[in-house]
Amino acid sequence: MPTREEITYFGAGPALLPTDVLQNAAQALLDFNNTGLGIAEHSHRSELATNVINEAKADLATYLDIPTDEYEILFMQGGGSGEFSATVYNLVGAWVTRRKQDLLRQWGTSADEKGLAVEEKLEAELRKAVEEDLKLDYIVTGGWSQKAHAEAVRLLGPERVNLVADARTINGGKFGKIPDEKDWTLSRDPALVYYCDNETVDGVEFPAFPASLAPRADGSGPIVVADMSSNILSRRIPVRNFSIIFFGAQKNLGSTGITVAVIKKSLLPPTTPQPEPALLRKLGLPIGPIVLSYETIAKNNSLYNTLSIFDVYIAGQVLKKLLRTFPDKVDGQQAVAEKKASLIYSALEAHPDVYRIVPDASARSRMNICFRVTKGSDVDASEKAFLKEGTARGLTGLKGHRSVGGIRASNYNSIPLEGAEKLAAFITEFAKA
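This structure is a prediction, so every number in the text was calculated from the model and none was measured. In this convention, every chain numbers its residues from 1, walking through the sequence in written order. At least 70 in pLDDT is required for a residue's local features to be given in this predicted model, at least 80 for side-chain atom pairs to be given and counted, and no such filter applies to totals for whole chains, interfaces and linings, which use all residues. Water and hydrogen atoms were dropped before computing side-chain values, which therefore reflect all heavy atoms in the structure.

## Observations concerning the overall build of the protein chain
At step 1: A count of helical and extended segments in the protein chain gives 11 helices and 14 strands.
At step 2: With C-alpha atoms as the basis for the radius of gyration, the globule rule is written as 2.2 Å multiplied by the number of residues raised to the power 0.38. Relative to the 2.2 N^0.38 estimate, which gives 22 Å for 433 residues, the radius of gyration of the protein chain is 23 Å and therefore close to what a compact globule would have.
At step 3: Based on the C-alpha atoms only, the size of the protein chain along its principal axes is roughly 80 × 60 × 35 Å.
At step 4: Note on classification: 1.4 Å probe, protein chains only; a residue is buried when its accessible area is under 20% of the maximum for its type, exposed when over 50%, partly exposed between these limits. Counting the 433 residues in the protein chain, one finds 53% classified as buried.
At step 5: Note on definitions: a residue-residue contact is assigned when non-hydrogen atoms from the two residues lie within 4.5 Å. For the protein chain, restricting intrachain contacts to residue pairs at least 6 apart in sequence, the fraction spanning at least 24 positions comes to 70%.
At step 6: Of the roughly 19100 Å² of accessible surface on the protein chain, 52% is carried by carbon and sulfur atoms.
At step 7: In this tally Asp and Glu are treated as negative and Lys and Arg as positive; neither His nor the chain ends contributes. Every charge is mapped to an atom, namely NZ of Lys, CZ of Arg, CG of Asp or CD of Glu. When the 49 positive and 53 negative side-chain charges of the protein chain are each reduced to one mean point, those points stand 3 Å apart. Secondary structure elements follow DSSP: runs of H or I of four or more residues count as helices, runs of E of two or more count as strands, with numbering from the N terminus. All accessible-area figures derive from a Shrake-Rupley calculation using a 1.4 Å probe, and residue coverage is judged against the displayed protein chains alone.

## Brief notes about empty space enclosed by the protein
A water-sized probe, rolled over the atoms, reveals where empty space remains.
At step 1: Cavities and pockets were defined on a 1 Å grid built over protein atoms only: a cavity is a set of grid points that admits a 1.4 Å probe from which the probe cannot escape, a pocket is an open set flanked by protein on both sides within 12 Å along at least five of seven lines, and lining residues are those with an atom within 4 Å of any such point. Grid points are joined across faces, edges and corners, and a volume is the space filled by probe spheres set on the points. A complete count under the given rule lists one cavity of 30 Å³ or more for this structure.
At step 2: As a volume, the largest cavity reaches approximately 50 Å³.
At step 3: Around the largest cavity, the lining residues are N90, L91, A94, I263, L267, L268, P269, T272, Q274, Y294 and E295.
At step 4: At the level of secondary structure, the elements contributing two or more residues to the lining of the largest cavity comprise α3 (79–107) and α7 (294–299).
At step 5: Here the element with the most residues in the lining of the largest cavity is α3; it accounts for three residues.
At step 6: Amino acids are sorted into nonpolar (Ala, Val, Leu, Ile, Met, Phe, Trp, Tyr, Cys and Pro), charged (Asp, Glu, Lys and Arg) and polar (every other residue, Gly among them). Broken down by class, the residue content of the lining of the largest cavity amounts to seven nonpolar, three polar and one charged.

## Focus: the domain arrangement of the protein chain
At step 1: Boundaries of every domain are those given by an automatic assignment or by a domain database. Segmenting the protein chain into domains produces domain 1 (58–311) and domain 2 (329–432).
At step 2: A straight line from the C-alpha centre of domain 1 to that of domain 2 covers 33 Å.
At step 3: In this complex, domain 1 contributes 25 residues to the contact, which on the side of domain 2 involves 22 residues.
At step 4: Accessible surface is computed with a 1.4 Å probe, and the buried area is the amount of it that two parts give up when combined, taken over both parts together. Interface area for domain 1 against domain 2, summed over the two sides, is near 1900 Å², with a carbon-plus-sulfur share of 50%.
At step 5: For domain 1, the biggest contributors to the area lost against domain 2 are Y63, V201 and R236; these three give 27% of the whole.

## Quick notes on the pattern of salt bridges
At step 1: For this analysis, a salt bridge means a side-chain nitrogen from Lys or Arg found within 4 Å of a carboxyl oxygen belonging to Asp or Glu. Considering all chains together, one arrives at 23 salt bridges under this definition.
At step 2: D65 is paired through a salt bridge with K329; the nearest N and O atoms lie 2.7 Å apart. You can see D65 sitting in the loop between α2 (47–64) and β2 (71–76) and its partner K329 sitting in the loop between α8 (309–325) and α9 (330–349), a full 264 residues away along the chain.
At step 3: Judged by relative accessible area, D65 falls into the partly exposed class, the value being 35%.
At step 4: The partly exposed category is assigned to K329, whose relative accessible area is 22%.
At step 5: For the salt bridge of D189 with R99, the shortest nitrogen-to-oxygen distance reads 3.9 Å. Highlighted residues: D189 in the loop between β4 (161–166) and β5 (192–196) and R99 in helix α3, separated in sequence by 90 residues.
At step 6: A relative accessible area of 41% places D189 in the partly exposed class.
At step 7: Since its relative accessible area comes to 17%, R99 is described here as buried.
At step 8: Taken together, the shared-partner salt bridges connect D65, R236, K329 and D331 into one network.

## Looking at the UniProt feature "domain: Aminotransferase class V" (unreviewed entry) in the protein chain
At step 1: With numbering matched to this structure, UniProt assigns "domain: Aminotransferase class V" (unreviewed entry) to residues 9–94 and 179–380.
At step 2: With 53% helix and 8% strand, residues 9–94 has its two end C-alpha atoms placed 42 Å apart.
At step 3: Structurally, residues 179–380 is divided into 25% helix and 16% strand, and its ends, taken at the C-alpha atoms, are 30 Å apart. UniProt positions are given in the numbering used here, feature names are shortened, and annotations may be inferred rather than shown by experiment.

## Quick look at the sheet that holds strand β14 (residues 407–410)
At step 1: Strands are labelled as partners when DSSP assigns at least two bridges between them. An order of β11-β12-β14 is seen for the three strands of this open sheet, with the pairing classed as antiparallel. Looking at which strands have only one partner, the edges of the open sheet turn out to be β11 (355–357) and β14. Averaged over all pairs of adjacent strands, the angle between their axes in this sheet comes to 30 degrees, without regard to strand direction.
At step 2: Pairing geometry for strand β12 (residues 368–373) and β14, over four bridges, is antiparallel. Within the sheet, the bridge partner assigned to C370 lies in β14 and is R408.
At step 3: Here the axes come from fitting lines to C-alpha atoms, over the contacting stretch only for helices, and the angles between their N-to-C directions go from 0 to 180 degrees. On top of the sheet, α9 reaches β11 and β12; it is set at about 15 degrees to β12, its chief contact.
At step 4: Sheet strands in contact with helix α10 (residues 379–392) are β11, β12 and β14, and its direction is about 125 degrees off that of β12.

## Details of the state of the cysteines
At step 1: By convention in this document, the label disulfide applies to cysteine sulfur atom pairs within 2.5 Å. Tallied over the entire structure, the rule returns zero disulfides.
At step 2: The thiol of C196 is not disulfide-bonded; the next cysteine sulfur, from C370, is found 12 Å away.
At step 3: Overall, the relative accessible area of 1% leaves C196 in the buried class.

## Details of the sheet that holds β5
At step 1: Spatially, seven strands are ordered β2-β10-β9-β8-β5-β3-β4 in an open sheet, and the strand pairing comes out mixed. Looking at which strands have only one partner, the edges of the open sheet turn out to be β2 and β4. If you compare each strand with its neighbour and ignore which way they point, the axes differ by 15 degrees on average.
At step 2: Across the sheet, α3 lies against β2, β3 (136–140), β5, β8 (224–227), β9 (244–248) and β10 (259–264), angled at about 160 degrees from β9, the strand it touches most.

## Re the packing of aromatic side chains
At step 1: Two rings belonging to Phe, Tyr or Trp (six-membered ring only in the last case) form a pair when the distance between their centres is within 6.5 Å. Interplanar angles under 30 degrees mark stacking, angles over 60 mark edge-to-face geometry, and anything in between is tilted. The full count for this structure, using the stated rule, is 14 aromatic pairs.
At step 2: Centre to centre, the rings of Y355 and F386 are 6.1 Å apart; their planes meet at 80 degrees, and the pair counts as edge-to-face. One end of the pair, Y355, is in strand β11; the other, F386, is in helix α10, and 31 residues separate them in sequence. For the pair Y355 and F386, a shared accessibility class is recorded, and that class is buried.

## Details of unusual backbone geometry
Trans is the prevailing form of peptide bonds, just as negative phi is the prevailing case for residues other than glycine.
At step 1: Of note, the amide linkage connecting G13 to P14 takes the cis form, showing an omega dihedral of 0 degrees.
At step 2: Tracing the backbone through its elements, the reader meets P14 in the loop between β1 (8–9) and α1 (19–30).
At step 3: Note that the residue after P269, namely P270, is joined by a cis bond; omega there is 5 degrees.
At step 4: Along the chain, P270 falls in the loop between β10 and α6 (277–282).

## Observations regarding a nonpolar patch on the surface
At step 1: Patches here: salt-bridge-free residues with over 30% relative accessible area, like charges joined within 9 Å, nonpolar side chains (Val, Leu, Ile, Met, Phe, Trp, Tyr) joined within 5 Å. Side chains of I290, V291 and Y304 sit close together on the surface and give an oily, nonpolar patch of about 240 Å² of accessible area.
At step 2: Topologically, V291 is positioned in the loop between α6 and α7.

Written out as structure tokens, the structure reads:
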């Protein structure tokens, strides 16, 4: 049987974790900080648990240069799929609150001065606004953004969800490109504009922040939501361009079980409190579960319900290791990520008669490298041979997602440079065999 040291695991998630982080976590499970109890046995309400959360938040903010006076960091549950719903519930509520505040300002009425007549008028105007103006914008470039779009349609109905762009329309019905921004059909003042920064299944990554979504000179602009589950911590991001960034931990941050949401404080109380459920019911809008309420989770420092402190601890240990390894923080990791991706893509490109890279060169992911093995007349047989030989060399987890097939090398931060070099060498040797 192979040892851990002999394996380089390219699985898409749950992904490889640093060995020393796992060793620390194993000890912490038995006895955390000489308390006689393992970390998974301590109360999530304890000072110990609060310290684990606060340290992880501080280290994440340091590593990514998140301005903590402007953004709140939340640890949640439910994965990226839960955030597809959470962003809809919370940002539709924020949209209603902003409209309500605008109407009261126009009427010169304070929230405390409202009488029954004002309440009825306000409800009528808000109902009209919802029917005529409420839109959520989605840019669909792969399987995950497709799911996010479908969830918004399920919760609100197709009439309130705008498909800004669908990459399949420019790529023969398949994902693999990002439509040109000049062809996007953005709504006026939508409740949110969503995109997935890196599509894990389809190997598509936005090369940079979309220029058409950038804030204006006065700081105003669209409310941009990005799913960064599979490329967070791998490159510098313009944090202030986003209203919400969310990501599951199980790719670059830690183990399965927690999801992180980085949210602008201006979308939270006291600036933007969520509407009362009674008002949302009158407007025909969905009311989200309280465990998906950013307002509630922020108020309770991520401890409204029982959070897996062990998973937060692992994420914190990964962040501490990154900060020790890279004095220049995320910029150092970005340089390594780009070098690893270049090695693998160059090996594939050197043999176009044997390999076909799936996504277009303009949108290739550095994290999820998707390709087909076209050597010989039987692609299926060639790919099975590639996977079998790769496994024999300790290169595992290379099978593509079940929905698209092929080969996928998930080149996350935990893959060392030597691992990428081994894969590139195998790609070359297999092509020449």
